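Residue strings, one per chain:
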Amino acid sequence: MLSIETKRGTEWLAGAGLRPTRQRVALAELLVGDGQHRHITAESLHAAATDQTDGVSLATVYNTLKAFSEAGLIREIMVDGTKSYFDTRVDDHPHFFWEDEGHLTDAPKEQLEIASLPDAPAGTEIAKVDVVIRLRRT
């Protein structure tokens, strides 16, 4: 009998048309198995997978997160040019980046107002707008 975490992970993959390989199911369980949204890095997911499974390489974690992102299961949020976070909540919403701790959390979207955006250059369109609000403790 499948655990609730395995069932959630497998259904999550199936909903996006992704084949449920052993590694994908193991990582999906860690991402959505408890039904909660989360922000993770490839490194933090790799560490969790190493603790709970019989081994998934960091390269496999990166490739799997890329596949999940391309399938629309997660969103990649770039915090700076070197750090990507992945969010299991895929609707449009802003984020707080806590500089002192180096982690990402959801910010209340009801409090965000974007009155206008600059015109996109000729021959282009705005694909999306990511709002990351950097915080530092005082």
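Since the structure is predicted, the reported quantities are computational estimates derived from the model, not experimental observations.

1. Some words on the overall build of the chain
Of regular secondary structure, the chain possesses four helices and six strands. Taken from the N to the C terminus, the helices and strands of the chain come in the order α-α-β-α-α-β-β-β-β-β. Burial statistics for the chain: of 138 residues in total, 30% are counted as buried. Here the contacts in the chain between residues at least 6 apart in sequence split such that 44% fall between residues at least 24 apart. Counting only carbon and sulfur atoms, one obtains 51% of the accessible surface of the chain, whose full area is about 8,800 Å². Charge-centre separation for the chain: the mean point of 15 positive side chains lies 4 Å from the mean point of 22 negative side chains.

2. Focus: the side chain of His-95
Inspection of the secondary structure puts His-95 in strand E4 (residues 95–98). At 3.1 Å, the side chain of His-95 and the side chain of His-93 are in polar contact. Those residues in contact with His-95 that lie beyond four places of it in its chain are His-39, Ile-77, Asp-87, Leu-104, Thr-105, Asp-106, Ala-107, Val-131, Val-132 and Ile-133.

3. Digging into the packing of aromatic side chains
Following the criterion strictly, the structure yields three aromatic pairs and no others. Judged by centre distance (6.3 Å) and plane angle (70°), the rings of Phe-96 and Trp-98 are edge-to-face.

4. So, the pairing of E4
Only one face of E4 is covered, namely the face carrying His-95 and Phe-97; the face carrying Phe-96 and Trp-98 is uncovered. Where E4 folds back onto strand E5 (residues 103–106) in an antiparallel hairpin, the turn is made up of four residues, including Gly-102, whose phi is positive at roughly 70°. Pairing analysis gives four bridges linking E4 to strand E6 (residues 132–135), with the strands arranged parallel. Pairing of Phe-96 across the sheet is with Ile-133, part of E6.

5. A look at the pattern of salt bridges
Considering all chains together, one arrives at 11 salt bridges under this definition. Residue Lys-66 is joined to Glu-70 by a salt bridge in which the shortest nitrogen-to-oxygen separation is 3.7 Å. Of this pair, Lys-66 and Glu-70 are both found in helix H4 (residues 58–70), four residues apart, which corresponds to roughly one turn of the helix. Its relative accessible area of 49% is what places Lys-66 among the partly exposed residues. Glu-99 serves as the salt-bridge partner of Arg-136, at 3.1 Å between the closest nitrogen and oxygen.

6. Thoughts on the UniProt feature "binding site: Fe cation" (unreviewed entry) in the chain
Per the UniProt entry, the sites bearing "binding site: Fe cation" (unreviewed entry) are Glu-113 in this numbering. By the secondary structure assignment, Glu-113 is in the loop between E5 and E6.

7. A few points about the environment of Leu-31
Positionally, Leu-31 belongs in helix H2 (residues 22–32). Judged by relative accessible area, Leu-31 falls into the buried class, the value being 1%. In this structure the C-alpha to C-alpha distance between Leu-31 and Ala-48, which are 17 residues apart in sequence, comes to 10.0 Å. Contact partners of Leu-31, with chain neighbours within four places excluded, come to Trp-12, Gln-36, Arg-38, Ile-40, Leu-45, Leu-65, Phe-68 and Thr-88.

8. A short note on the sheet that holds E4
Judged by pairing direction, the sheet is mixed, and its three strands sit side by side in the order E5-E4-E6 without closing on themselves. The open sheet has two edge strands with one neighbour each: E5 and E6. Neighbour-to-neighbour, the strand axes of this sheet turn through a mean angle of 30°, independent of strand direction.

9. Considering the sheet that holds strand E1 (residues 39–40)
Where strands meet in a sheet, backbone hydrogen bonds hold them as pairs that are either parallel or antiparallel. On the basis of which strands lie adjacent, the open sheet formed by three strands has the order E1-E3-E2 and antiparallel pairing. In the strand order of this sheet, the two ends are held by E1 and strand E2 (75–80), each with one partner.

About the thresholds
Residues numbered from 1 in each chain as written. Predicted model: local features only at pLDDT ≥ 70, side-chain atom pairs only at ≥ 80, totals over all residues. Heavy atoms only, no water. Helix = DSSP H or I, 4+ residues; strand = E, 2+ residues; numbered from the N terminus. Buried < 20%, exposed > 50% of the residue type's maximum accessible area, 1.4 Å probe, protein only. Contact = heavy atoms within 4.5 Å. Areas by Shrake-Rupley, 256 points an atom, 1.4 Å probe, with all protein chains shown as cover. Lys, Arg positive; Asp, Glu negative; His and termini not counted. Charge placed at Lys NZ, Arg CZ, Asp CG, Glu CD. Polar contact = N/O pair within 3.5 Å; in protein donor to acceptor, adjacent residues only side chain to side chain. Phe/Tyr/Trp six-rings, centres within 6.5 Å; stacked < 30°, edge-to-face > 60°. Pairing = 2+ DSSP bridges. Salt bridge = Lys/Arg side-chain N within 4 Å of Asp/Glu carboxyl O. UniProt positions renumbered as here; feature names shortened; annotations may be inferred. Axes fitted to C-alpha atoms, helices over the stretch in contact; angles between N-to-C directions.

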